[in-house]
Every structure is written in structure tokens, then in C-alpha cells.
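# Architecture and fold: a report
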Amino acid sequence: MNKKIDELSVATIRSLCIDEINKAKSGHPGMALGSAPILYTLFTRHLVANPKQPDWFNRDRFVLSAGHASALLYAMLHLSGYEVSLDDIKQFRQLGSLTPGHPEYRWTKGVDATSGPLGQGIAQAVGMAMAEESIRANYTEGEKIMNHYTYVLCGDGCLQEGLSQEAISLAGHQKLNKLILFYDANQVTLDGALDLSFSEQVKTRFLASEWDVLEVADGNDIETIDKAIKEAKKSQDKPTMILIHTVIGFGSAKQGTSKVHGNPLGEEDGKHAKVDVYGFDHPDFFIPDEVRKQFEDTFVARGLKAYEEYQKAFAEYAKKHQTEAERFTSLIDLDVDKYIPDVLPEFVEGSATSTRVASGKALNAFMLKLPNLIGGSADVAGSVMTKLDGGTDFTPTSREGHNINWGIREFAMASAQNGMLLHGGLRTYVGCFAVFADYMKAAIRMAALSHLPAIYLFSHDSIAVGEDGPTHQPIEQLAMLRSIPNMCVIRPCDERETYAAWAEALRSKRTPVALILSRQNLPLLAGSSAEGVSKGAYVISKEQKKAQLEIIATGSEVSLAVEAQKLLKEEGIDVRVISMPSWELFAKQDQAYQDSVLSLPWERRVSVEMLSTFGWDRYAKHHMGMDTFGASAPAKDVIAKFEFTPDRLVKLCKEIVK
Ligand SMILES: Cc1ncc(C[n+]2csc(CCOP(=O)(O)OP(=O)(O)O)c2C)c(N)n1
């Protein structure tokens, strides 16, 4: 332990942060300056990762939940030898730079998670720690190939977010002892002092959630921070929160106030902090050789050694457990194609089943082939059919279990699923009632932004929910999901389409997929097609001779459309019925295919979906949809009230043709 080099290094990191933010004229110096010693201690004394192999699978994970302190993370990545050059640091927050406003996964090497929306980083870290446990337990001698810690740094803001408590509660319940959370307790947020809005006993809250709690009185005290991390790593049965008292904007004349939370220090104050407080009298962006060496001798050397040892250990492992080693590697690469059976099961013509039940069957069928599939629901497994038959639960005493009981924590569930996928090595799914997709929205958006192939099972997908009433009947949720960039929504119309939708979801590598599933039984349709699902839309029931109209329907409304087609035929009106399970998959097809499915002008098309018509103008001029909330009654009565009947569709079509 060399105090001098520690102090010089921390001064360098802080000065870099000041320069980065000053040059960009934008950024958040407050937390960056306050918590620099925390990350310095973590990186130089504990974190195990290899900057030359930033995706090394067994590295420790680090999530900067307080993503606004990105300047600090970039300074750490630069000093630690990642592909973040000094020029990149100088381009902080500029267009196309490797140092965007908030950390972005898949963009900057060494960034383990996209973060910034406060609270989500904590839940992501919980998911990472769960993934680590699950993977280790699912391989013989798994500890030889999967064995690392997950660290997360958060501030007051993350802990004010309700999501954090969902995640903390879950982590404590799951006894995630390899999860270590640093709480940068600086008592200041954006608008002012924390006591404007927060008077919680945070330590007590963590203790009540079955965490260990350690406290460091002085955020500049590296030895004590180090000691706390050492102790936290020893925990056998609880995650650890290390509460560290820091000073926001340490060194600035405005330290300790919200003025330094999100404004550059400027030249004068920057100089004051660097020279007068840190004793660092150097040009901007200066990095002393000793500091570079310090990182090479510690973080880089430790990471390289661990990496090399791992390579040897893995080679040994592969000799002993060849098949498992192959599985391990292919699942890291999300190379799942070979695990997805090409052949669909036999479907019984004339049968009827809800698509949620069909989804449960498909899930179990795929599970037999895809051993790293893991998932669960927010306490509605029996309704959304998320259980893997014969599978055990994922618990502290059976980590090999594949059924996750997320509890009624939808937001944390979706956010932790992101963490599991950020970690890698697993295919995951989560489920709940479609109406509660709203609770998960911010995490779904994060999955799409982070290019994660999350799978969501949203059942009870319309007013056909029935008795539970309008609180439980989704209306606008599909419009919301469809509006998210890089999102894929699939609403299958029968059992066959549901299997195909599942295969599509499992094949996705960079796009989240939501399967929208019915509560009520839907008939197996003669014309339904698995291939059609992968194209997003197809003609499920052709016109007789020359279509006068095209009816575009999804999910439960496809059979209604087919019924209406028959009735219209009796009235001498020829229509084509198109099943359109996925707008997004359809939009990816070439124009010729799209034109072959939607062959009539826009004015001659009708959309039918028992959900909000918002957005359907894209494909059709006329709509049969739901633009009010539903009602509480048995499903058939609700459907009758809102007239989701072939007769109404027939009437609408006749009016258009007229
Ligand atoms: C969900 C969410 N709400 C609001 C913000 C805007 N925001 C960014 S930082 C911040 C204050 C956070 O306070 P704290 O965690 O104490 O950070 P510090 O002031 O110490 O930098 C706010 C409100 C955000 N990034 N995410």
C-alpha cells in the first residue's frame, strides 16, 4: 500500500473528470469527484477483468448505476487500458464518440451495462449476479468456469427510485452473496440537499431486506474502502451494501451542494480543485507516468494473470467435460439455432387452445433442447404459463433451477432480465399480464436500446380478460410496445403461430421480443403458417376471385375475421384475410413481398384488433378496435358489449364497399 501513489492516482482521476466535463461544457462532476476513490480502490485492488479481452466471460461485472457519473467511468477505463483513448476522453459527450453522455453497452468496450435511468443499474446488477449463480450451478464443476463478483455503484437517486427496493428485496431473498453495492452517500441530489425529499434509514432498509451493511465514514479513505470490499467478498449468504460517506464535487468551491451535481466546474474552480485541493498542478488531461504504471501493475496485471489462468483452467475443463464445455461456449455466443427444432409438433385440426397455453407447451418443448433457458413470472406463472414442467425453482438452495419466482416485482423482473442478458450465457424470458407491461416499460426500452434479446410473455391480451375488468384489460399497451425502436411484438392467432413466435423469439440476438397471448381459447386455423409468422404477415385466408377488401387481423381477431369472410361471401363480397402477428417482422420484408400480402390500396383495408387502434393507420384506413377502456363482466358479455363480432365486421365491410 503506497499512500503517495494512491493519492496521486485519485488526483489524476479527479482532474481528468474535471477536464473532460469542462471541455464538453456538459456533464456531472459532482458524483464523479466524490466517488473517484471508490472506483480507484475497486479497480486497482479488486476488480478482475482484462482490458484486452473486455468480453471475457468470467470477468467481474461492474455497473455504474448512477450513469450520470460517466466521466468517471471513462477516466477509469482509459487508465485501466481499455480502448478508450485520451482523444476519446477529450470527445466526451460529442457526436459519435466512444464517450457518450451516459454509458452505453455494446458501444464502449468495458461498459458492462447501459445506465442512466436511475435505479435500473441496481436491478441489472442483481440480474447479473443471478445469471452467474445459475450458470455455475448448471455445469459440473461449474465453479471452475463461472466464478466472479458483480459490483454496482449507485447514489441517493438510485435508492430513491422504487425499482431499487424491488431489486434489493429480490437480491436479499435470493442471497446473492457475490453482489456488492457501493452507495455513494453524498446527501445531495439534482435539486438540492437530500433532506428535501428523503429521510429514510437506508441502512435499516438494506438490513431488513437481508443484506449485510458496511459503512465507510470517509469516502477519501482508500484503506477503509479496501477493507470493506475485502469483507464484503467474504460474505457467504447475503449481498453486501457498503455505505460510503462522500462529498459531492469534492475539491470544488461548491462542494457539498447541488450546484456541482450537473454543471462543469469551469476553468477557475477547476484549477482551484486541481491545484489547491488535490495538489495536482499540471496541464489539462495530464496523466503522470507513475499513475499509468500503477494501473498496469495492479488492474492490468491482475486481470491478465487471471485471464491466462482461466484459459488454462478452461482447457483442462474442456478435456474433462467436453460436451459441457461446448455447450458453455455456444451459449455465450447465443448460438441457439442448433437447439431449436425445425420440425413443428403435430397440431390437431379442429382443436382450440389459448395462445398462453400454447406458449407454455412451446416453452417446454424448446426447453428440452435449450438447456440454458431460464425464466419466470411476476407471481402469475399459473396464468401466463411460464413454468417449465418438471423444472425446479431457482432458489438459494437450488441454483440449478430454471423457474424464477420473481415475486410481484414487474419492473425489477424486466430490469434484472436485462442484467442476465448483459451477463450472457442464458436465454431468458419473463411473463406477466399484458396490461402490466406498463410497469416494465422503462426496462423494455432499456433492453431495446441495449440490443438485448429479452423475451416477454404478455398474456390476457385484450378485453377478453373478462371479469377482472378494465384495470386488467390491456388497451394501449401494444401501441406502446410497437412504438419502441428495435422492439419486436408478435401476437399469434393460434397454437401453430405461437410455436413459430417462440422460435422467432429464441432466434433473436439483438432485439427484444414480446409475445402477446390470449387468455381465451382460439381455434387452430386451417391456413395459419409458421413461415408466415417469420414474415410478420401473410394471407391466411384467400379471396375467392378478386378481393374487394383486405381485413388485417392479429391474435384472437384472426378467427373473427375468417368468420366474417364467410358471412361476407354469402352477401357476395369477396375479401382477403391477412394474419399480421408482427408489424416489425413484416416491415423487414422486401417491398415485393409486402405488396403481395397487402395488394389493395390503403382505403380498401380494415384492421381488426381488440386493442387501441393507435398506429394502425400505417396499414389500413378503417379500424375495428378499442379506443375506450373495457368493462367488468364475463368475457363473452364484454365482447358482446364492445361488439367484437363477425356481424359488426361484416357491417363495417359492407359500408366500405358501398
Ligand atoms: C429515472 C431518472 N430520473 C431522473 C433522472 C435525472 N437525474 C440524473 S442524476 C439525478 C440526481 C441523482 O442524485 P444522486 O444519485 O444523489 O447523484 P449525485 O447528485 O450525487 O450526482 C437526477 C434526478 C435520471 N437520470 N433518471
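Read on for a plain summary of the structure.

As a further point, take the site of the ligand. For the ligand, the set of nearby residues contains 15 residues, the closest of which are His68, Gly157, Asn186, Val188 and His261. Between a nitrogen atom of the ligand and a main-chain N or O atom of Leu118, the distance comes to 3.1 Å. Measuring from an oxygen atom of the ligand, one finds a backbone N or O atom of Val188 at 2.8 Å. Notes on the ligand: free accessible area 580 Å², of which the protein chains cover 75%. For the shell around the ligand, the per-class residue count stands at six nonpolar, seven polar and two charged.

Once that is clear, we can look at the environment of His245. Relative to the elements of secondary structure, His245 occurs in strand β5 (residues 240-245). Accessibility expressed as a relative area gives 30% for His245, which makes it partly exposed. In the structure, His245 is positioned 219 residues away from Ser26 in sequence and 25 Å away in space, judged by C-alpha atoms. In this view, His245 contacts Ala185, Glu215, Val216, Ala217, Asp218 and Gly219; residues no more than four positions away in its chain are not counted.

Right, let's get into the nonpolar core. Ranked by size, the top nonpolar core spans 116 residues in total, and within it Tyr183, Tyr456, Phe458 and Trp502 carry the most contacts. For this core, the leading source of residues is helix α5 (residues 120-137), giving nine residues. With 63 residues, the next largest nonpolar core counts Ile38, Tyr40, Tyr151 and Phe295 among its residues.

With that out of the way, let us pick up helix α16 (residues 437-449). Each α-helix winds once per 3.6 residues, and so residues spaced three or four apart point in a common direction. Across its 13 residues, α16 extends 17 Å between first and last C-alpha, which sits within 8% of the 18 Å expected from 1.5 Å per residue. Along α16, the largest kink reaches about 35° and is centred on Ala443. Among the residues making up α16, those that are buried are Ala437, Met440, Ala443, Ile444, Met446, Ala447 and Ala448. Where α16 is buried, its residues contact α5, α15 (410-423), β9 (427-433), β10 (455-459) and α17 (477-482). Where α16 ends, the next residue or the one after it, His451, has phi of about 60°, a positive value.

Attention now goes to the pairing of strand β15 (residues 549-553). Across the five residues that make up β15, a large majority, five, are buried. Residues Leu549, Ile551 and Ala553 line one face of β15 and the alternating positions Glu550 and Ile552 line the opposite face, and both faces are buried. Sheet topology note: the β15/strand β16 (residues 575-579) ladder contains five bridges and is parallel. Each residue of the ladder has a partner; that of Ala553, found in β16, is Ser579. The parallel pair β15 and β16 is bridged by helix α20 (residues 557-570), and the resulting crossover is right-handed. Across four bridges, β15 lies against strand β17 (residues 605-608) in parallel orientation. Bridge pairing links Ile551 to Val606 in β17.

This next bit is on the environment of His28. Within the secondary structure, His28 is located in the loop between α1 (3-24) and α2 (29-45). Sequence-wise, His28 and Ser9 are 19 residues apart; in three dimensions their C-alpha atoms are separated by 20 Å. Among all residues touching His28, those that are not within four sequence positions of it are Ile21, His68, Arg93, His261 and Gly262.

Below, the discussion takes up empty space enclosed by the protein. Inspection of the entire model under this criterion finds one cavity of 30 Å³ or more. Volume-wise, the largest cavity comes out at about 80 Å³. Around the largest cavity sit Phe43, Leu47, Ala49, Pro54, Arg59, Asp60, Phe62, Leu73, Leu77, Tyr82, Gly110 and Asp112, which together line it. In terms of residue class, the lining of the largest cavity is made up of eight nonpolar, one polar and three charged.

Contact geometry for helix α13 (residues 355-369) and helix α18 (residues 495-507): axes closest at 9 Å, N-to-C directions at 50°. Regarding the angle of α13 to α18, the classification is oblique. Two packed elements cross with a definite hand, and for α13 against α18 that hand is right-handed. Residues Thr355, Ala358, Ser359, Lys361, Ala362, Leu363, Ala365 and Phe366 of α13 pack against Glu495, Thr498, Tyr499, Trp502, Ala503 and Leu506 of α18. Within the contact of α13 with α18, the residues separate by chemical class into nine nonpolar, three polar and two charged.

The next point concerns the layout of surface pockets. Roughly 600 Å³ of internal volume is contained in the largest pocket. Residue lining of the largest pocket: 25 residues in total, with Asp55, Tyr105, Arg106, Leu422 and Arg510 positioned closest to the centre. Of the residues contributing to the lining of the largest pocket, the split by class is 12 nonpolar, five polar and eight charged. Of the voids in this model, the second largest pocket is the one considered here, and its volume is about 350 Å³. Lining the second largest pocket are 16 residues, with Asp6, Glu7, Val10, Asn220 and Ile222 positioned closest to its centre. At the level of secondary structure, the elements contributing two or more residues to the lining of the second largest pocket comprise α1 and α9 (222-234). The greatest single-element share of the lining of the second largest pocket, amounting to eight residues, is contributed by α1.

Scoring rules and cut-offs
- Residues numbered from 1 in each chain as written.
- Predicted model: local features only at pLDDT ≥ 70, side-chain atom pairs only at ≥ 80, totals over all residues.
- Heavy atoms only, no water.
- Near = heavy atom within 4 Å.
- Polar contact = N/O pair within 3.5 Å; in protein donor to acceptor, adjacent residues only side chain to side chain.
- Areas by Shrake-Rupley, 256 points an atom, 1.4 Å probe, with all protein chains shown as cover.
- Nonpolar A, V, L, I, M, F, W, Y, C, P; charged D, E, K, R; others polar.
- Helix = DSSP H or I, 4+ residues; strand = E, 2+ residues; numbered from the N terminus.
- Buried < 20%, exposed > 50% of the residue type's maximum accessible area, 1.4 Å probe, protein only.
- Contact = heavy atoms within 4.5 Å.
- Core = buried A, V, L, I, M, F, W, Y, C linked by side-chain atoms within 4.5 Å.
- Expected span 1.5 Å × (residues − 1).
- Bend = angle between axes of the 7 residues up to and from the residue.
- Pairing = 2+ DSSP bridges.
- Right-handed = clockwise from strand over helix to strand, strands pointing away.
- 1 Å grid on protein atoms, 1.4 Å probe; cavity = no way out; pocket = protein on both sides within 12 Å on 5 of 7 lines; lining within 4 Å.
- Points joined across faces, edges and corners; volume = space filled by probe spheres on them.
- Axes fitted to C-alpha atoms, helices over the stretch in contact; angles between N-to-C directions.
- Parallel < 35°, antiparallel > 145°, perpendicular 65-115°, else oblique.
- Left-handed = near helix turned anticlockwise from the far one by under 90°.

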